[in-house]
Amino acid sequence: MGNRLSKIVTKTGDHGETGLAGQTRVPKNHPRIQAVGTADELNSNLGLLMAYMPTELDSITEEFFKIQHHLFNLGGELVMPEHPFMTEAMVEFLEDRIVHYNEALPYLKEFILPSGSIPTCHAHICRTITRRLEREAITLHQEEALNSVLLQYINRLSDYFFVISRTIARATQDQEILWNKDLN
């Protein structure tokens, strides 16, 4: 296999279009490209979260590395829809981790405000970016059918980041601030 990025400046996008796999060109604001960009943004933010993770949570950081690879697969599938890179095993991985972490958390009676330490807050940021990615993927799916596993993965990933934010909060002794509907 040759060099994937041998030429960075191509000038082919100077008029607002970008290339998908093969010869297909689409506007840079096409729903497919919006979703690819949000997956990339999420991956970058996950990298930032990893930079702030306490060393006692290295096992979670290792999961984040795996998820970063999953996100590259997701982006690859979005630009090459004829190649389903997302697998049931990836969804099952997230489901397993969600159950594992959630078992150790106290039950919630109210919504949690995103607050606490930098890693706790950044896990919430990853959750909200994942929710945007999900909205964009659904918009694209309404125009062009996507692999259902890709959609399942994104949905589970936002749940994962919610549970991870709570797990990080416990480990860093952040107090979870609950929403108070009566606070004016």
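Each chain carries its own residue numbering, running from 1 in the direction its sequence is written. The model is predicted, so local features are restricted to residues of pLDDT at least 70 and side-chain atom pairs to those at 80 or more, both for listing and for counting; the totals for chains, interfaces and linings are taken over all residues. Processing note: side-chain calculations cover all non-hydrogen atoms of the structure and skip hydrogens and water entirely.

Draft legend 1. Representation of empty space enclosed by the protein. Of the grid points, spaced at 1 Å and generated over the protein atoms alone, those admitting a 1.4 Å probe that cannot get out make up cavities, while open sets with protein on both sides within 12 Å along at least five of seven lines make up pockets; any residue with an atom within 4 Å of a point is treated as lining. Grid points are joined across faces, edges and corners, and a volume is the space filled by probe spheres set on the points. As enumerated under the stated definition, the model contains 1 cavity of 30 Å³ or more in all. In this structure, the largest cavity encloses a volume near 50 Å³. Considering the residues around the largest cavity, the lining is formed by Ile112, Leu113, Ser115, Thr120, His124, Ser165, Arg166, Ala169, Asp174, Gln175, Glu176 and Ile177. Listing elements by their share of the lining of the largest cavity, those giving two or more residues are α4 (118-143) and α5 (148-171). Charged means Asp, Glu, Lys or Arg here, nonpolar means Ala, Val, Leu, Ile, Met, Phe, Trp, Tyr, Cys or Pro, and polar covers whatever is left, Gly included. Taken together, the residues that form the lining of the largest cavity break down as 4 nonpolar, 5 polar and 3 charged. Every helix listed is a DSSP run of H or I at least four residues long, and every strand listed is a run of E at least two residues long, numbered separately from the N terminus.

Draft legend 2. Expanded view of the packing of helix α3 (residues 88-102) against α5. One way to put it is that α3 packs onto α5 with a least axis distance of 9 Å and a crossing angle of 25°. Comparing their axes, α5 and α3 come out roughly parallel. Regarding α3 and α5, the two cross each other, and that crossing is left-handed. Along its contact with α3, which presents Glu88, Met90, Val91, Leu94, Glu95, Arg97, Ile98, Tyr101 and Asn102, the element α5 presents Val149, Gln152, Tyr153, Arg156, Leu157, Asp159, Tyr160, Val163, Ile164 and Thr167. Residues of the contact of α3 with α5, tallied by class, amount to 11 nonpolar, 3 polar and 5 charged. Only the contacting stretch of a helix is used when fitting its axis, a line to C-alpha atoms as for every element, and angles between N-to-C directions run 0 to 180 degrees. Any angle between 65 and 115 degrees counts as roughly perpendicular, while under 35 counts as roughly parallel, over 145 as roughly antiparallel, and the rest as oblique. Definitions for this section: a left-handed crossing has its near helix turned counterclockwise from the far helix by less than a right angle. A right-handed crossing has that turn clockwise. Contacts were defined at the residue level, with two residues in contact if any of their heavy atoms lie within 4.5 Å.

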